[in-house]
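In case you want the letters, here they are:
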Amino acid sequence: MEKVCGGQAAERLEKRGCFPQEEVRRYLTQIVDAVTYLHDRGIVHRDLKLENLLMTDTGDNASVKISDFGLSGLIDGTGVAGGVATEGRRLKERCGTPAYFAPEIVQAVGYGKSVDWWAVGVCAYYMLSNSPPFKAKTTDALFERILEGITPASFTAPCWADVSPSAKDLIAKLLIQEPVERYGPPYS
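Below is a summary of the structure that appears in this document. All of these numbers come straight from a predicted model, not from anything done at the bench. (Residues numbered from 1 in each chain as written. Predicted model: local features only at pLDDT ≥ 70, side-chain atom pairs only at ≥ 80, totals over all residues. Heavy atoms only, no water.)

1. Structural notes on the overall build of the protein
- Looking only at helices and strands, the protein features 6 helices and 6 strands.
- Put simply, the protein runs from its N terminus to its C terminus through helices and strands in the order α-α-β-β-β-β-β-β-α-α-α-α.
- Radius of gyration (C-alpha) of the protein: 16 Å, near the 16 Å computed for a compact globule of 188 residues.
- Residues counted as buried form 43% of the 188 residues belonging to the protein.
- At a minimum sequence separation of 6, the contacts of the protein that also span at least 24 residues come to 62%.
- Between the mean site of the 21 positive side-chain charges and the mean site of the 24 negative ones, the protein shows a separation of 1 Å. (Helix = DSSP H or I, 4+ residues; strand = E, 2+ residues; numbered from the N terminus. Rg over C-alpha atoms; globule rule 2.2 N^0.38 Å. Buried < 20%, exposed > 50% of the residue type's maximum accessible area, 1.4 Å probe, protein only. Contact = heavy atoms within 4.5 Å. Lys, Arg positive; Asp, Glu negative; His and termini not counted. Charge placed at Lys NZ, Arg CZ, Asp CG, Glu CD.)

2. Some thoughts on the packing of aromatic side chains
- Following the criterion strictly, the structure yields 6 aromatic pairs and no others.
- The interplanar angle of 75° and the centroid separation of 5.5 Å between the aromatic rings of phenylalanine 19 and tyrosine 27 together place this pair among those described as edge-to-face.
- When its relative accessible area of 1% is taken as the criterion, tyrosine 27 is described as buried.
- Measuring from ring centre to ring centre gives 5.6 Å for phenylalanine 101 and phenylalanine 143, while their planes differ by 15°; the resulting arrangement is stacked. Placement of phenylalanine 101 in the loop between strand E6 (84–86) and helix H3 (103–106) and of phenylalanine 143 in helix H5 (residues 139–148) is noted, with a sequence separation of 42 residues between them.
- Three or more aromatic residues joined by ring pairs make a cluster, and in this case those are Tyr125, Phe155 and Trp160.
- In this structure, arginine 41 packs its charged tip against the face of tyrosine 37, placed 3.6 Å from the ring centre. (Phe/Tyr/Trp six-rings, centres within 6.5 Å; stacked < 30°, edge-to-face > 60°. Lys NZ or Arg CZ within 6 Å of the ring centre and 35° of its normal.)

Written out as structure tokens, the structure reads:
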């Protein structure tokens, strides 16, 4: 166990408004390393969100740690993970936080590791803009927006003016509708 006393990334973002791109790059590097570690072991987190990213301390050079594995699932083999039955390499339960749902969770079809990469894209978007990529007043309307996907217009707010084209491209590739085309390691 490691002591992390810097609070949630969501709390830090609320206080600061948004993170500078270089800071987001540093956090994303750590998050991608952690998600890759989990996926290499057949674990899908299924609830990656800013509230589950904990800062190691309150300083500007804090590291980020992933927490709350209560909804995680196993995809390699058949068994039970997090109290939920798994069937082979696909998970089917609609669980997690709706604003971070990948389209395949919204559609309630079988899904795998790619849902975590979608959530990484949502986190990156949020950290750079202090706004979620998909907004709506109801859950059903939110799901419709998620299924519509990200568009070039998603990056037109003034906060995006200082964000590099490569950062926007990365987010767009993490938020691709089709799981097999989404950034992240290839999945079977």
